Amino acid sequence: MPAPIPLSEDENGHIKAVPHQQREGVVTKRTLCQTCDQQCAVVTESIDGQVVRVRSSDNPLFRDHICMKAIASPQTFSHPDRILYPLKRVGERGSGKWERVSWEEAMSDIGTRLNAIIETYGPEAWAVSTSQWNTATDHGLGRRIMNHVGTPNWTSGVAYCAGNTAAINRMTYGWFPLGDFNNTKCILLMGHSPNRHSWTMIYQMLRFAIQRGAKVIVMDPRKSHWAEMADIWLPLKAGSDTAMMFGFLKVIIDEGLYDKAFVKNWTIGFDDLKKRVDEYPLDRVARLTGCDPEMIAKAARMYATEGPSVIPWTPITDMQRNSTSGIRLQSILRAICGHIDVRGGEIFNGPITDFVIEADIEMHEVLPHAQKMKQLGADTHPAFTYRGQAAFTEPLKRIWGRAYVNQNTGCYMANPTEMFRAMCGDGPYPVKAFFALGNNTILSYANGQRIIDGMMNQELVVVQEHAMTPTAQLADYVLPGDSWHERPWLSDAFSWGGFLRGSEQSQEPMGEAKSTWEFWKLVANAIGRPELVPWDNIYDFYDDRLKGMGMTFKEFVAKTDVYFEPAQFRKYEAKGFATPSGKVELRSSVLEDLGFDGLPYFREDPELTEEYPLKMFTGVREDPYFQTAGRQVPDMRKRCPEPRIFVNQKTADEWDVQADEWVELANELATLRMQVEINPSMPDDLVRVPHGWWKPEMEIGHGKLSGAMLHADSLMCRDDPEYMDIEQGIPHLKGIPCRINKITTDATKKEGQADVAEVH
Ligand SMILES: Nc1nc2c(c(=O)[nH]1)N[C@H]1C(S)=C(S)[C@@H](COP(=O)(O)OP(=O)(O)OC[C@H]3O[C@@H](n4cnc5c(=O)[nH]c(N)nc54)[C@H](O)[C@@H]3O)O[C@H]1N2
Ligand SMILES: Nc1nc2c(c(=O)[nH]1)N[C@H]1C(S)=C(S)[C@@H](COP(=O)(O)OP(=O)(O)OC[C@H]3O[C@@H](n4cnc5c(=O)[nH]c(N)nc54)[C@H](O)[C@@H]3O)O[C@H]1N2
Ligand code: SF4
Ligand SMILES: [Mo]
């Protein structure tokens, strides 16, 4: 096997792409990187059938759309610890003992056991958690099988990130629009902070927009690199974005800066909204957010009048206890300022004509109504469940021709917290079979301990992975997933972008790795429902979906880098919006019918206590890793070897901690161990906690989970009602009370040191 080419570094340790040399025997393929959801167009180079290098695309449109994770991907995918064969648990669940089995043996047992569980407890006892992009080749096949079998209990990481945004945007105008970064004149970043190695494509697009003269407003408690270059930086308190947007609206409405004709003709509920906004005079907003009222007013005027403006999608507002109101206020701002479905604003891209979209594959219409209503969370936090989205079926049909169009896979999800409760036996009915596909479940939601308990309480746990993650360690079967080097792909940007792109397969799968699409085909066979997947292989499947466009997948990829239909603006003038009223619902009839406030509101965080006087947020993504993945890759790990909290010097002094010191970070749920970074970007009394830490080199098995029990933020993320959004039921990851403990006792000190020593 040829060795992957090592990364080339400059004198600062930064990654340099190696200049492209056409070497003899090198085969190049045009691909879409799927290490994160950006899907950057990149070129793979293979020698003797193995990808050894990944470089930037030759298409000038995509120049420099590449980050260190893509460049490191040959090293990541050929890592000696990669899962390459099906593994079956031997011994107790979580004992860390495995034997290699064939796919046939694994799938036959999985099929038999799944059928037995469905027969005993009902189909809803089968729950699935996935990632949107790690399982990109799924293309809705999993939902299709689940819908036919009769279980609504599918959830995903997108419940906290972009999927839930899509579902809530619909409450206002029936769809989740996408920013026209190429033509915008004003960008409002609500925390969102892409950089060279974090969402590289968006980073490049934002930079180009600024070079063209676009204004930038940044809301961020931390002085991020975007805050430094912004026209206006609002250093708001963590978790106060919703209050801030009320301040924007107060100024915009009072000063008449909104699009009056649009509001008159295309919205309902403006007077009610105005009354609610009047409850938020600027001095109140200034108190709630900690920002200068004059600066708030300036920013609001800039957003309203110097547009067309965009509020790029951001997970920051997805993960707050006022998240539904926050996302609603974003959409209300866009709408009343006239920034929707206009050039340079936020555009309603519909499904591509003559293409079989994922909603057509998913077939939500076959799941009986009674089963839809059983979806976990439907009663308590329905916003993104079938129940919460039911009012959109008719409007979606009217506008886009289909009753169930999913966007970012997020519009028909079970609520994760309710799902894990049911897995523990504390739900309305038992969940007894759990599949995690490309999703490190224990680390990727809130209240990780409950997820562990829920997994331990299952009769069948199946994980498809690249690595022996903490989640895989509690499985009955760990099945090898292929990588994006090893599969073809057809992307419609999860029905969000309105464009279509293809990715060539660069090499054969290593070992016995299979795509998630193939996994689901095997599941359909194993449960005796082969008719649900009538395609022989993924190429047939893609060809079938492209048939209406008159080409095969291979023809499509050979010809096209990006396929899109020319943008049309103000499409609502012909058919209205995909809401029950056909208008932009400033006061949401859907939320009201579900029993919630139809207008946005702000709930203040509970008072801090003496025990937990600090606040923490999870985030500021780490360049070398994608979320919980990649810490086994040496070239990446050396850039970010340990989980580090950021605090400023003042907070460090108050808590008597030094740079690089190992400390405990504690709250009601857990005590983690992290290293201190004194970071001047941080405000007082706020702690940044990195997301998704575990150490693949540490001991596996229940109770240890390769260091996850010491380092995973999910263990500290609260999902009790005080710290959850009401309508969606997602946790507040931007302002959880906590404290710092010095590691004092000899025993813990020793353990702490051992932990550190193991890594170096
Ligand atoms: N507590 C907490 N929870 C969070 C967040 C947080 O900050 N804190 N962040 C949220 C956000 S923003 C997101 S986007 C989600 C992310 O949630 P996920 O996307 O589910 O999480 P990842 O850690 O990226 O990926 C999980 C696993 O996929 C595996 N994998 C990678 N590629 C492939 C593949 O091609 N095939 C297969 N089968 N497996 C693959 C990786 O090895 C990794 O273990 O988590 C959300 N959850
Ligand atoms: N290298 C790399 N890149 C990634 C990822 C990765 O894991 N690794 N993950 C990708 C994914 S899935 C996502 S969702 C994105 C997330 O990427 P971003 O949207 O950039 O989110 P974060 O990096 O978590 O935090 C961005 C900023 O939010 C600020 N912030 C914290 N709390 C608040 C708050 O309450 N309000 C406001 N307004 N700001 C706040 C932080 O100070 C920080 O500067 O990154 C993507 N890019
Ligand atoms: S930002 Fe990096 S990891 Fe994400 S798709 Fe682009 S190259 Fe891949
Ligand atoms: Mo995300």
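Nothing here was measured: the structure is a model prediction, and the numbers come from that model.

Asks: Could you give an account of the overall build of the protein chain, naming the residues involved and the relevant values?
Replies: The helix and strand tally for the protein chain stands at 28 helices and 29 strands. Against the globule reference of 27 Å for 760 residues, the protein chain gives a C-alpha radius of gyration of 25 Å, in line with a compact fold. In terms of its C-alpha atoms, the protein chain occupies a principal-axis envelope of roughly 70 × 70 × 60 Å. Residue burial in the protein chain is summarised as follows: out of 760 residues, 64% are buried. A sequence separation of at least 24 residues applies to 76% of the contacts in the protein chain between residues at least 6 apart.

Asks: With reference to specific residues and values, describe unusual backbone geometry.
Replies: Omega for the bond connecting Gly307 with Pro308 falls within 30 degrees of zero, at 10°, which places this linkage in the cis form. Note on placement: Pro308 falls in the loop between α12 (293-305) and β15 (309-310). Residues other than glycine seldom take positive phi values, yet Leu705 does so here, at roughly 50°. For Leu705, the position within the fold is in the loop between β28 (686-689) and α27 (708-711). If you check the backbone angles, Ser706 has positive phi at about 50° while not being a glycine. Following the sequence through the fold, Ser706 ends up in the loop between β28 and α27.

Asks: Give a detailed account of the site of ligand 1, specifying residues and quantitative values.
Replies: In the vicinity of ligand 1 lie 31 residues, with Asn134, Asn439, Ser444, Glu465 and Thr628 positioned nearest. Backbone polar atom of Gln464 to a nitrogen atom of ligand 1: 3.3 Å apart, as the coordinates give it. Within the contact set of ligand 1, an oxygen atom lies 3.0 Å away from a side-chain nitrogen or oxygen of Arg487. Here ligand 1 loses 95% of its free accessible area of 920 Å² to cover by the protein chains. Of the residues that constitute the shell around ligand 1, the class distribution is 10 nonpolar, 16 polar and 5 charged. Taken together, domain 2 (87-161 + 353-563) and domain 4 (614-754) each give at least three residues to the shell around ligand 1, which thus spans both.

Asks: Mind laying out empty space enclosed by the protein, listing which residues take part and the relevant values?
Replies: Within the structure shown, the criterion is met by 6 cavities of 30 Å³ or more. The space that makes up the largest cavity amounts to roughly 140 Å³. Along its surface, the largest cavity is lined by 14 residues, and Asp138, Gly140, Trp154, Glu358 and Thr409 are the ones closest to its centre.

Asks: So what's going on with the UniProt feature "domain: Molybdopterin dinucleotide-binding" (unreviewed entry) in the protein chain? Residues and values would help.
Replies: Under the feature "domain: Molybdopterin dinucleotide-binding" (unreviewed entry), the UniProt entry names residues 617-700. Taken end to end, residues 617-700 is 12% helix and 27% strand, and its first and last C-alpha atoms sit 28 Å apart.

Asks: Give me the confidence of the model for the protein chain: which residues, what numbers.
Replies: Residues with a pLDDT of 70 or more make up 95% of the protein chain, whose mean pLDDT is 94. In this model residues 15-20 is a low-confidence stretch, pLDDT under 50, and it forms 15 contacts with partners more than four residues away in sequence or in other chains. Note that residues 750-760 has pLDDT below 50 and, in this model, 19 contacts with residues that lie over four places away or in other chains.

Asks: Tell me about the packing of helix α4 (residues 141-149) against helix α20 (residues 516-526), and name the residues and values.
Replies: Helix packing geometry: the angle between the two helix axes and the distance between the axes. One can describe the packing of α4 onto α20 by two numbers: an axis separation of 9 Å at closest approach and a directional angle of 20°. Overall, the two elements α4 and α20 adopt an arrangement that is roughly parallel. The interaxial crossing formed by α4 with α20 has left-handed handedness. Together, Leu141, Gly142 and Ile145 of α4 and Trp517, Trp520, Lys521 and Ala524 of α20 make up the contact between the two elements. In the contact of α4 with α20, the residues fall into 5 nonpolar, 1 polar and 1 charged.

Asks: So what's going on with the domain arrangement of the protein chain? Which residues, and what values?
Replies: Interface extent is often summarised as the accessible area lost during association of the parts. The domain boundaries assigned to the protein chain delineate domain 1 (7-77), domain 2 (87-161 + 353-563), domain 3 (178-347) and domain 4 (614-754). One C-alpha centre belongs to domain 2, the other to domain 4; they are set 30 Å apart. At the junction of the two partners, domain 2 supplies 32 residues and domain 4 supplies 31 residues. On the domain 2 side of the interface with domain 4, the three residues burying the most area are His381, Leu443 and Gln473, jointly 24% of the side's total. For the pair domain 2 and domain 4, the interface holds 1 salt bridge.

Asks: Go over the side chain of Thr165, please, and point to the residues and values.
Replies: Position of Thr165 among the secondary structure elements: in helix α5 (residues 163-173). On the accessibility criterion, Thr165 (1% relative accessible area) is buried.

Asks: Tell me what's going on with the packing of helix α8 (residues 241-254) against helix α10 (residues 270-278), and back it up with residues and numbers.
Replies: The interhelical angle for the contact between α8 and α10, taken along N-to-C directions, is 120°, at an axis separation of 9 Å. By the angle class used here, α8 and α10 are oblique. For the pair α8 and α10, the crossing hand works out as left-handed. Packed against α8, whose contacting residues are Phe246, Leu249, Lys250, Ile253 and Asp254, the element α10 presents Phe270, Leu273, Lys274, Arg276, Val277 and Asp278 at the interface. Residue composition of the contact of α8 with α10, grouped by class: 6 nonpolar, no polar and 5 charged.

Asks: So what about the pattern of salt bridges? Which residues, and what values?
Replies: A full pass over the atoms with the stated rule returns 44 salt bridges. For the salt bridge of Arg53 with Glu45, the shortest nitrogen-to-oxygen distance reads 3.0 Å. Overall, the relative accessible area of 0% leaves Glu45 in the buried class. Arg688 is the salt-bridge partner of Glu622, the closest N and O atoms lying 3.8 Å from each other. Placement of the pair is Glu622 in the loop between β24 (614-618) and α25 (634-637) and Arg688 in strand β28, with a sequence separation of 66 residues.

Asks: Describe the sheet that holds strand β5 (residues 50-56), naming the residues involved and giving the relevant values.
Replies: Taking strand neighbours across the sheet as the criterion, the 3 strands line up as β3-β4-β5 in an open arrangement whose pairing is antiparallel. Edge strands, defined here as strands with exactly one partner in the open sheet, are β3 (26-32) and β5. Each strand axis lies, on average, 30° off the axis of its neighbour in the sheet, ignoring direction. In terms of strand pairing, strand β4 (residues 41-47) meets β5 through 6 bridges, oriented antiparallel. Paired with Glu45 across the strands is Arg53, a residue of β5.

Asks: Please provide a residue-by-residue account of helix α19 (residues 448-456), values included.
Replies: Of all the positions in α19, only Gly448, Arg450, Ile451, Ile452, Gly454 and Met455 are classed as buried. Looking at the buried side of α19, the elements it contacts are α18 (416-423), β17 (433-437), β18 (460-465) and α27.

Asks: Can you tell me about the nonpolar core, naming the residues and giving the values?
Replies: By size, the foremost hydrophobic cluster in this structure holds 198 residues, and its most contacted members are Trp126, Phe248, Ile336 and Phe435. Ranked by the residues each element gives to this core, the list is headed by α8, at 9 residues. Apart from the residues lying within four places of it in its own chain, the contact partners of Ile336 are Leu249, Ile252, Ile253, Tyr258, Asp259, Val263, Phe270 and Leu586.

Thresholds, definitions, all that
Residues numbered from 1 in each chain as written. Chains lettered and ligands numbered in written order. Predicted model: local features only at pLDDT ≥ 70, side-chain atom pairs only at ≥ 80, totals over all residues. Heavy atoms only, no water. Helix = DSSP H or I, 4+ residues; strand = E, 2+ residues; numbered from the N terminus. Rg over C-alpha atoms; globule rule 2.2 N^0.38 Å. Buried < 20%, exposed > 50% of the residue type's maximum accessible area, 1.4 Å probe, protein only. Contact = heavy atoms within 4.5 Å. Near = heavy atom within 4 Å. Polar contact = N/O pair within 3.5 Å; in protein donor to acceptor, adjacent residues only side chain to side chain. Areas by Shrake-Rupley, 256 points an atom, 1.4 Å probe, with all protein chains shown as cover. Nonpolar A, V, L, I, M, F, W, Y, C, P; charged D, E, K, R; others polar. Domains from an automatic or database assignment. 1 Å grid on protein atoms, 1.4 Å probe; cavity = no way out; pocket = protein on both sides within 12 Å on 5 of 7 lines; lining within 4 Å. Points joined across faces, edges and corners; volume = space filled by probe spheres on them. UniProt positions renumbered as here; feature names shortened; annotations may be inferred. pLDDT = per-residue confidence, 0-100. Axes fitted to C-alpha atoms, helices over the stretch in contact; angles between N-to-C directions. Parallel < 35°, antiparallel > 145°, perpendicular 65-115°, else oblique. Left-handed = near helix turned anticlockwise from the far one by under 90°. Buried area = accessible area lost by both parts, 1.4 Å probe. Salt bridge = Lys/Arg side-chain N within 4 Å of Asp/Glu carboxyl O. Pairing = 2+ DSSP bridges. Core = buried A, V, L, I, M, F, W, Y, C linked by side-chain atoms within 4.5 Å.

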